[in-house]
Amino acid sequence: MGSMTTAELPLSDRINAVSPSATLAVDSKAKAMKAAGVDVIGFGAGEPDFATPESIVKVAEEAVDDPRNYKYTPTAGLPELREAIAAKVLRDSGYPVTADQVVVTNGGKQAVYETFQLLLDDGDEVIIPTPYWTSYPEAVKLAGGKPVEVFAGADVNFEPSIDAIEAARTGRTKAIIVTSPNNPTGAVWSGETIKAICEWAVEHGVWVISDEIYEHLNYDGVHTVYPGAAVPEVREQLIVLNGVAKTYAMPGWRVGWMVAPGRVAKAAGKLQGHMTSNVNNIAQRAALAAVAGPLDAVDRMREAFDVRRKAIVGALNDIDGVRCPMPTGAFYAFPEVSGLLGRPVGPNRRVFSTSAELADALLEEAHVAAVPGEAFGAPGYMRFSYATSDEAIAEGMKRFKEWAEA
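Now for a quick tour of the structure.

## Quick notes on the sheet that holds strand E13 (residues 371-372)
And then number 1: Ordered by their spatial adjacency, three strands build an open sheet running E9-E14-E13, and the pairing between neighbours is antiparallel. The open sheet has two free edges, formed respectively by strand E9 (332-333) and E13, since each of these has just one partner strand.
And then number 2: Pairing geometry for E9 and strand E14 (residues 382-385), over two bridges, is antiparallel. Of the residues in E14, the one forming a bridge with Ala333 is Phe384.

## Thoughts on helix H4 (residues 79-93)
For an α-helix, the turn length of 3.6 residues means that residues three or four places apart are oriented alike.
And then number 1: Helix length check: H4 (15 residues) gives 21 Å between terminal C-alpha atoms against 21 Å at 1.5 Å per residue, within 8%.
And then number 2: Along H4, the positions that sit buried rather than exposed are Leu81, Arg82, Ala84, Ile85, Ala86, Lys88, Val89, Asp92 and Ser93.
And then number 3: Where the residues of H4 are buried, they touch strand E2 (102-105), helix H9 (227-230), strand E7 (238-243), strand E8 (256-259) and helix H11 (281-292).
And then number 4: Immediately downstream of H4, the backbone of Gly94 shows phi near 85°, a positive value.

## Considering the packing of helix H3 (residues 54-64) against H11
And then number 1: Across the interface, H3 lies against H11 with an axial gap of 8 Å and an inter-helix angle of 145°. The handedness of the crossing between H3 and H11 is right-handed. Contacts from Ile56, Val59, Ala60, Ala63 and Val64 of H3 reach H11 at Ile282, Arg285, Ala286, Ala289 and Ala290.
And then number 2: Looking at the contact of H3 with H11 residue by residue, the classes come out as nine nonpolar, no polar and one charged.

## Some remarks on the sheet that holds strand E4 (residues 146-151)
And then number 1: Taken together, the seven strands give an open sheet; going across it, the order is E2-E8-E7-E6-E5-E3-E4, and neighbouring strands pair in mixed fashion. The sheet is open, and its two borders are formed by E2 and E4, each paired with just one other strand. Here the average twist between neighbouring strands, direction ignored, is 20°.
And then number 2: Relative to E8, E7 is paired through four bridges, and the arrangement is antiparallel. Residue pairing for E8: Leu241 is matched across the bridge by Met258.
And then number 3: The strands touched by helix H5 (residues 107-119) are E2, strand E3 (125-130), strand E5 (173-179), strand E6 (207-211), E7 and E8; relative to E8, the strand with the most contacts, the crossing angle is about 35°.

About the thresholds
Residues numbered from 1 in each chain as written. Predicted model: local features only at pLDDT ≥ 70, side-chain atom pairs only at ≥ 80, totals over all residues. Heavy atoms only, no water. Pairing = 2+ DSSP bridges. Helix = DSSP H or I, 4+ residues; strand = E, 2+ residues; numbered from the N terminus. Expected span 1.5 Å × (residues − 1). Buried < 20%, exposed > 50% of the residue type's maximum accessible area, 1.4 Å probe, protein only. Contact = heavy atoms within 4.5 Å. Axes fitted to C-alpha atoms, helices over the stretch in contact; angles between N-to-C directions. Left-handed = near helix turned anticlockwise from the far one by under 90°. Nonpolar A, V, L, I, M, F, W, Y, C, P; charged D, E, K, R; others polar.

Distances and angles like these do not, on their own, reveal function.
Written out as structure tokens, the structure reads:
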């Protein structure tokens, strides 16, 4: 009679070692509170609050009526979309790639996941400059790899030093991640930092994984520096991750891609052939219209985000105990909130020892949703997405200040 009930049958160690997405968890909790009638101001999710441009939607509407989209198509993506992405790399990043280096994925996240499945053997290490996007270390773990964090704080614009990166390198170091403009910090790394990392990677035979999904969201005259353009020698060991989610306000369409050396792209197609096959054809047709079209939609969004950026950073710095650097990319403010820890805060005069506790209380008591820095490997910070309305920013910051200084 010693048999287990089905409730006791174990799940894999692999999935048990992975944390759920903290950004999605905060967003879900905020949405649940809203559904229960609580007036929550959400700064959690990183998605543009704009509609997908009408011209792109129209192409998708037409694609629904086209029977050729009802069939399987090549796993690595529609040939014309891969061509358009290659042309976009030349236009935006300034160096040539071919269509057979492009693999179209179900959102940028699948490109991230597949990259580590392709590169890592059990025990291989990936250097992750920290603060990091919450899914990187988990995708590394799912491939049997080991995330190695290299932290850089607000005092150095969240840019890791090459000395700290070199100190983290071991015989098992397989790859390093570059995210600029950065999620969660909004920092845009300097050309010197990008160049130094790429030259180091070439010298030591390390893959560079460049997440460029926020490439067009820059402010104050700052420009994204592309690894493949900065150090041409790195291209044979460079995997670029990107997608339409942020640039064209298309997060729900789920179209991303990787651009990689031919043999890597071929291996990604093989992997994807066993995972998902082709990405939804209607969404691919919409992405083709986006990628091949002008960038005026993102220009309009950038103007709106710029106003919000200045408003939210000004408001955060006006709260006693909060310090927020001015980000020059993406749509996140990443204030340091350690000044609110270890002392009585809020109307209930509670003492919080972590930014996670603080964020939880801010949501429960002030109905303001933000993601604690722990989700990004940066305790003592919080991430606020300003991809929301001017009114929501004003009201949310008012609530945060009144709550924190009560």
